[in-house]
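Below, each chain spelled out in residue letters.
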Amino acid sequence: MTQTQAEIVPVLTQGADRGARETLQEWLPKLVLAPSFALILLFVYGFILFTAVLSFTGSKLLPDFSTWVGFGNYVRLFNHPNWIVSLKNLAIFSVLYIAVCTVLGLGLAILLDQKIRGEGFLRPIYLYPMALSFFVTGVAWKWFLDPSIGLEHVMHTWGWESFSFRWIKEGKMAIYTIVIAAVWQSSGFVMAMFLAGLRGVDNEVIKAAQIDGASTVMIYRRIIIPLMRPVFLSAFVVLAHLAIKSYDLVVAMTDGGPGTATWVPALFMQKFTFGRNEMAMGASSAIIMMMMIFSIIVPYLYSELRGGRRS
Amino acid sequence: MLRKLLIGTMLSTALTAYAAPSFAEEVEVLHWWTSGGEAAALDVLKKNLEAEGVTWKDMPVAGGGGEQAMTALRARVTAGNPPTAVQALGFDITDWAKQGVVGDLGEVAAEENWDAVIPAALQAFSKYDGKWIAAPVNVHSTNWVWINKKALDAAGGKAPETWDELIAVLDKMKANGISPIGHGGQAWQDATIFDAVVLAEGTDFYKASMIDLDPAALNSDKMVGVFDKMGKLKEYVDADFSGRDWNLASAMVIEGKAGMQFMGDWAKGEFLKAGLKPGADFVCIRFPGTQGAVTFNSDQFMMFKVGDANKAAQLKMASAIEDPAFQSAFNVVKGSAPARTDVPNDAFDDCGKKAMADLAEADKSGKLFGSMAHGHANPAAVKNAMYDVITRHFNGELDSKAAAEELANAVAAAQ
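Every value quoted in this text rests on a predicted model; they were computed, and no experiment measured them.

## A word on the overall build of chain A
Phase 1: Looking only at helices and strands, chain A features 13 helices and 0 strands.
Phase 2: In chain A, the order of α-helices and β-strands from amino to carboxyl end is α-α-α-α-α-α-α-α-α-α-α-α-α.
Phase 3: Expressed along its principal axes, the backbone C-alpha trace of chain A runs to roughly 110 × 75 × 35 Å.
Phase 4: Residues classed as buried in chain A amount to 37% of the 311 residues present.
Phase 5: Looking at chain A alone, contacts between residues at least 24 apart form 68% of all its contacts between residues at least 6 apart.

And the structure:
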């Protein structure tokens, strides 16, 4: 009896041991994730909530939770000429930026995909602007487009006296110079995304189409580009959120000028919160910007997740 | 795990919070005087304090108008650990005082009789609720015109004293083939000119519109006239003015590419650095029609509430700032006038002497006003609302009548 008991005990503890290990294995990933989850919960979602609450207060220099103004800040926001200018500029900027980047990126990717020599050399040339910060891009383009030292000046010294390109100094055109700089920066990155997509296209499909007598243009138009749908979607999401939060490029190139002609929502948020001691107005503009981003990201996530379930 | 992490974080925060040495007398100073001349000027103060056994802990946050410095300050104050002294301008001081976080310099101020030697218009910012909370370092006046002497000689040689004379000189300079006004198209620079043009319409009008923010003065025929004059001045600015920094505009005047610049007296430093002599190579006058009145901005060191251990050092610093010898040494280098009116003017150049005399005169006659363009006439929100309108008008987005209307509306909305 005693003997069997002694034999049983280790078996039992072994079983308990295994149970503990399994429990640990089950809990370990959650434990390891917990700190980062807590940090994100606090520093991202917590502060989103904080900003939202702030936008209903009368905060000026520092957060102040003693005065509540309801939607007053939002009303003031949409009556403020600078905010209206910011929204218009955002519309112009994001539509052009996304459209031109996508078209240029796709075009470059298709050309690079023709199994040309020196692709390994050409690809990084297009991609490198992405390695620069938007601020550096902005300063470089500011100098390049400044009529008194940049392109126009150089053309004049080369003898083309009538050459004139002074958009950056003109209130109506300045926002387009920012589009130019932003497109220069990002289209290489979009190209890389499309190139990866093009490399993933099944050669069999193309060969089948060729046997059927389809021209190259037809193959691209009817088969390859439609196959790029997920890449279009990813590119759109990446570019759209870059457009909404565009700030450094504008600060470096025009700092909102001439006049208030190139204000964008992110610049508005920064200037009101920190420059004008209007923290609550800044917070309400930040909330509007966040809603804009959510309106892009949420449908994207929804379609992605639903797609995942379907496959 | 989570708890350990939390405990660890709390411990390390607590350690850093209490790690400050409490033995030596020390002042921690947040400022944005990081460029050559300014840093050298501040170094004088640092040395004076070190001679008294007070350690200087430097906390420089670079960036023109101190916007970044104020952002850094927000973080420090919110964390409950403000620096001893912070360089600050105008209404920012009042805004911080309202938060109840500033110190009290009463002892030193009473002992050294600051009330009698510092102009009342400055005291409006250095005091809050009757208590001294900041020590003013200097007075910059902003209604200056800096004229290239050669360009002026070629245009008749007489410095303009009225609006019509100014336009005549500008016309001649234009005919001589230079761009008459060296100007940078940034909102605050546009506003600096605007300030002077409003002041030229009379000190009562300046006070009513810029300081009292009287809607009837803001949207008045007189204000439409001011905007018309701004539009007129715009005709004498070169085509590439937009976005140019103020010191590049000064350089245009120094090199003779432009005739004159409307700018505060920090511009003088650029002329002196280029080896130009006041009177011989360049001329400093008040904006035509504003002689006798002065719009100013004043750098001050705002003192925060610190523990008893650091209080003595803070008072020593305040006293060192108001020391007449330091006021003279600092302002000779900085190009401004001393904040005290009893400092001898021997060390200053002709423009500096004029600045001090004008300041004392304006103080006596009650014509010393805070500058709107530099945040000394109204709070940041109102100032920037005015900037928006001024710069939009200057860039041709609004006509004069619409601008005056918009000015009144924008100010009302920002209050």
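## Looking at the packing of aromatic side chains
All names here are of chain A.
Phase 1: Counted under the stated rule, the structure contains 33 aromatic pairs over all chains.
Phase 2: Between tryptophan 160 and phenylalanine 163 the ring centres are 4.9 Å apart and the planes differ by 65°, which places this aromatic pair in the edge-to-face class.
Phase 3: For tryptophan 160, a relative accessible area of 48% translates into the label partly exposed.
Phase 4: Here phenylalanine 163 falls in the buried class, since its relative accessible area comes to 16%.

## Some words on the interface of chain A and chain B
Phase 1: Tallying the contact residues gives 27 residues for chain A and 27 residues for chain B.
Phase 2: Three residues stand out in chain A for area buried against chain B, namely Leu61, Leu62 and Arg276 of chain A, and they jointly supply 26% of the buried area on that side.
Phase 3: Connecting chain A to chain B are 10 residue pairs in polar contact (both at pLDDT 80 or more).
Phase 4: At the level of elements, α1 (2–54), α3 (81–112) and α12 (265–275) of chain A are the ones that each hand at least two residues to the side of chain A that touches chain B.
Phase 5: Here the residues of the side of chain A that touches chain B sort into 13 nonpolar, 9 polar and 5 charged.

## Regarding the pattern of salt bridges
Phase 1: Enumeration over the complete set of coordinates arrives at 28 salt bridges over all chains.
Phase 2: Arginine 166 of chain A is the partner of aspartate 240 of chain B in a salt bridge, and the nearest nitrogen-oxygen pair spans 2.6 Å. With one member in each of two chains, aspartate 240 of chain B in the loop between α13 (221–234) and α14 (246–254) and arginine 166 of chain A in the loop between α6 (151–157) and α7 (174–199) form a pair that bridges those chains.
Phase 3: Look at aspartate 240 of chain B and you get buried, because its relative accessible area is 15%.
Phase 4: Three or more residues are tied together by salt bridges with common partners; here these are Asp113, Glu119, Arg123 and Arg199 of chain A.

## Things to note about the sheet that holds strand β14 (residues 337–338) of chain B
Residue and element names in this part refer to chain B.
Phase 1: Sheet architecture is open: 4 strands sit in the order β14-β7-β12-β15, paired in mixed fashion. Only two strands of the sheet have a single neighbouring strand rather than two, namely β14 and β15 (368–370).
Phase 2: Two strands pair when backbone bridges link them, and strand β7 (residues 138–141) and strand β12 (residues 294–297) are joined in this way by 2 bridges, in the antiparallel orientation. Note that in β12 the partner of histidine 140 across the bridge is asparagine 297.

## Examining the pairing of β7 of chain B
All names here are of chain B.
Phase 1: Going residue by residue along β7, you find Asn138 and His140 tucked away on one face and Val139 and Ser141 tucked away on the opposite face as well.
Phase 2: For β7 and β14, the ladder comprises 2 bridges, and the chain directions are antiparallel. Among the inter-strand pairings, asparagine 138 is bridged to a residue of β14, identified as proline 338.

## Here we look at the confidence of the model for chain A
Phase 1: Per-residue confidence for chain A gives a mean pLDDT of 88; residues scoring 70 or more make up 93%.
Phase 2: Looking across chain A, the model is least confident in α1 of chain A, with a mean pLDDT of 78, and most confident in α3 of chain A, with 95.

## Structural notes on the sheet that holds strand β6 (residues 134–136) of chain B
Residue and element names in this part refer to chain B.
Phase 1: Pairing in this open sheet of 5 strands is mixed, and the strands run β2-β1-β3-β13-β6 from one edge to the other. The open sheet has two edge strands with one neighbour each: β2 (55–60) and β6. Each strand of the sheet is rotated relative to its neighbour by a mean of 30°, with strand direction disregarded.
Phase 2: Across 2 bridges, the pairing between strand β1 (residues 26–31) and strand β3 (residues 85–89) is parallel. Paired with leucine 30 across the bridge in β3 is valine 86.
Phase 3: Along the sheet face, helix α2 (residues 36–51) touches β1, β2 and β13 (299–303) and points at about 155° away from the line of β2.
Phase 4: Along the sheet, helix α3 (residues 67–78) contacts β1, β2, β3 and β13; its crossing angle with β3, the most-contacted strand, is approximately 135°.

## Remarks on the state of the cysteines
All names here are of chain B.
Phase 1: Enumeration over the complete set of coordinates arrives at 1 disulfide over all chains.
Phase 2: The disulfide partner of cysteine 284 is cysteine 351, and the gap between their sulfur atoms is 2.0 Å. Torsion about the S-S bond of the cysteine 284 and cysteine 351 cystine: about -105°, corresponding to left-handed handedness. Residue cysteine 284 is located in strand β11 (residues 282–286), and its partner cysteine 351 is located in helix α18 (residues 350–365); the two are separated by 67 residues in the primary sequence.

## Thoughts on the nonpolar core
Residue and element names in this part refer to chain B.
Phase 1: Grouped together as the largest cluster of nonpolar side chains are 61 residues, with contacts concentrated most on Phe194, Met210, Met223, Met372 and Met386.
Phase 2: With 8 residues, helix α19 (residues 380–394) is the single largest residue contributor to this core.
Phase 3: For methionine 210, the residues in contact, after removing those within four places along its chain, are Phe194, Val198, Phe205, Leu218, Met223, Met372, Ala377, Asn378 and Met386.
Phase 4: Among the nonpolar cores identified, the runner-up in size contains 56 residues, and Leu42, Trp56, Ala258 and Ala313 belong to it.

## Overview of α7 of chain A
Residue and element names in this part refer to chain A.
Phase 1: Over its 26 residues, α7 runs 38 Å from end to end, which matches the ideal 38 Å to within 8%, given 1.5 Å per residue.
Phase 2: Along α7, the sharpest kink reaches roughly 35°, centred on serine 186.
Phase 3: Across the 26 residues that make up α7, a large majority, 19, are buried.

## Here's the deal with the domain arrangement of chain B
Residues and elements named next belong to chain B.
Phase 1: Taken domain by domain, chain B holds domain 1 (26–140 + 297–364) and domain 2 (144–295 + 372–414).
Phase 2: Relative to domain 2, the C-alpha centre of domain 1 lies at a distance of 28 Å.
Phase 3: Listed per partner, the contact involves 19 residues of domain 1 and 22 residues of domain 2.
Phase 4: For the pair domain 1 and domain 2, the summed buried surface comes to about 1,800 Å²; carbon and sulfur atoms form 60% of the total.
Phase 5: Of all residues in domain 1, Phe91, Asn297 and Cys351 bury the most surface against domain 2, accounting for 31% of the area lost on that side.
Phase 6: Where domain 1 touches domain 2, the interface holds 2 salt bridges.
Phase 7: A salt bridge links aspartate 358 to arginine 286; its shortest N-O distance comes to 2.8 Å.

## Thoughts on the side chain of asparagine 297 of chain B
Residue and element names in this part refer to chain B.
Phase 1: Within the secondary structure, asparagine 297 sits in strand β12.
Phase 2: According to the relative accessible area criterion, asparagine 297 is buried, its value standing at 6%.
Phase 3: Excluding residues that lie within four positions of it along the chain, asparagine 297 makes contacts with Leu89, Asn138, Val139, His140, Thr142, Trp266, His374 and His376.

## Side note on unusual backbone geometry
Phase 1: Residues other than glycine seldom take positive phi values, yet aspartate 255 of chain A does so here, at roughly 50°.
Phase 2: If you trace the backbone, aspartate 255 of chain A turns up in the loop between α11 (248–253) and α12.
Phase 3: Judged by its relative accessible area of 41%, aspartate 255 of chain A falls in the partly exposed class.
Phase 4: Residue aspartate 129 of chain B is not a glycine yet carries a positive backbone phi of 60°.
Phase 5: In this structure, aspartate 129 of chain B sits in the loop between β4 (127–128) and β5 (131–132).

Conventions used here
- Every chain begins its residue count from 1, and numbering advances along the sequence as written.
- Each chain takes a letter, starting from A, and each ligand takes a number, starting from 1, following the order in which they are written.
- Totals for whole chains, interfaces and linings use all residues, but because this is a predicted model, local features are given only for residues with pLDDT of at least 70 and pairs of side-chain atoms are given and counted only at 80 or more.
- The basis for every side-chain value is the complete set of heavy atoms in the structure, and neither hydrogens nor water enter the calculation.
- Counting from the N terminus, the helices are the DSSP runs of H or I reaching at least four residues and the strands are the DSSP runs of E reaching at least two.
- A 1.4 Å probe rolled over the protein chains alone gives each residue an accessible area, and that area as a share of the maximum for its type sets the label: buried under 20%, exposed over 50%, partly exposed in between.
- Working rule for contacts: check all heavy atoms of both residues, and any pair within 4.5 Å makes them a contact.
- When two rings of Phe, Tyr or Trp (its six-membered ring) have centres within 6.5 Å they constitute a pair, described as stacked for plane angles under 30 degrees, edge-to-face for angles over 60, and tilted for the intermediate range.
- By definition, the buried area sums, over both parts, the 1.4 Å-probe accessible area that each loses when the two are put together.
- Here a polar contact is taken to be a pair of N or O atoms separated by no more than 3.5 Å, where protein atoms must pair a possible hydrogen donor with a possible acceptor and residues adjacent in sequence count only if both atoms sit in side chains.
- Each residue is assigned to one of three groups, with Ala, Val, Leu, Ile, Met, Phe, Trp, Tyr, Cys and Pro labelled nonpolar, Asp, Glu, Lys and Arg labelled charged, and all others, Gly among them, labelled polar.
- A pairing counts as a salt bridge when a side-chain nitrogen of Lys or Arg comes within 4 Å of a carboxyl oxygen of Asp or Glu.
- Only when DSSP finds a minimum of two bridges between them are two strands counted as paired.
- Confidence scores labelled pLDDT are given residue by residue by the predictor and lie between 0 and 100.
- Axes, fitted as lines to C-alpha atoms, cover a helix only where it is in contact. Angles between the N-to-C directions of the axes lie from 0 to 180 degrees.
- Any two cysteine sulfur atoms lying within 2.5 Å of each other are counted as a disulfide.
- As used in this record, nonpolar core signifies buried Ala, Val, Leu, Ile, Met, Phe, Trp, Tyr and Cys residues forming a set joined through side-chain atoms within 4.5 Å.
- Helix span, expected: 1.5 Å multiplied by one less than the number of residues in the helix.
- Fitting axes to the seven residues that end at a residue and to the seven that start at it, the angle between those axes gives the bend at that residue.
- Throughout, the edges of the domains are those of an automatic or database domain assignment.

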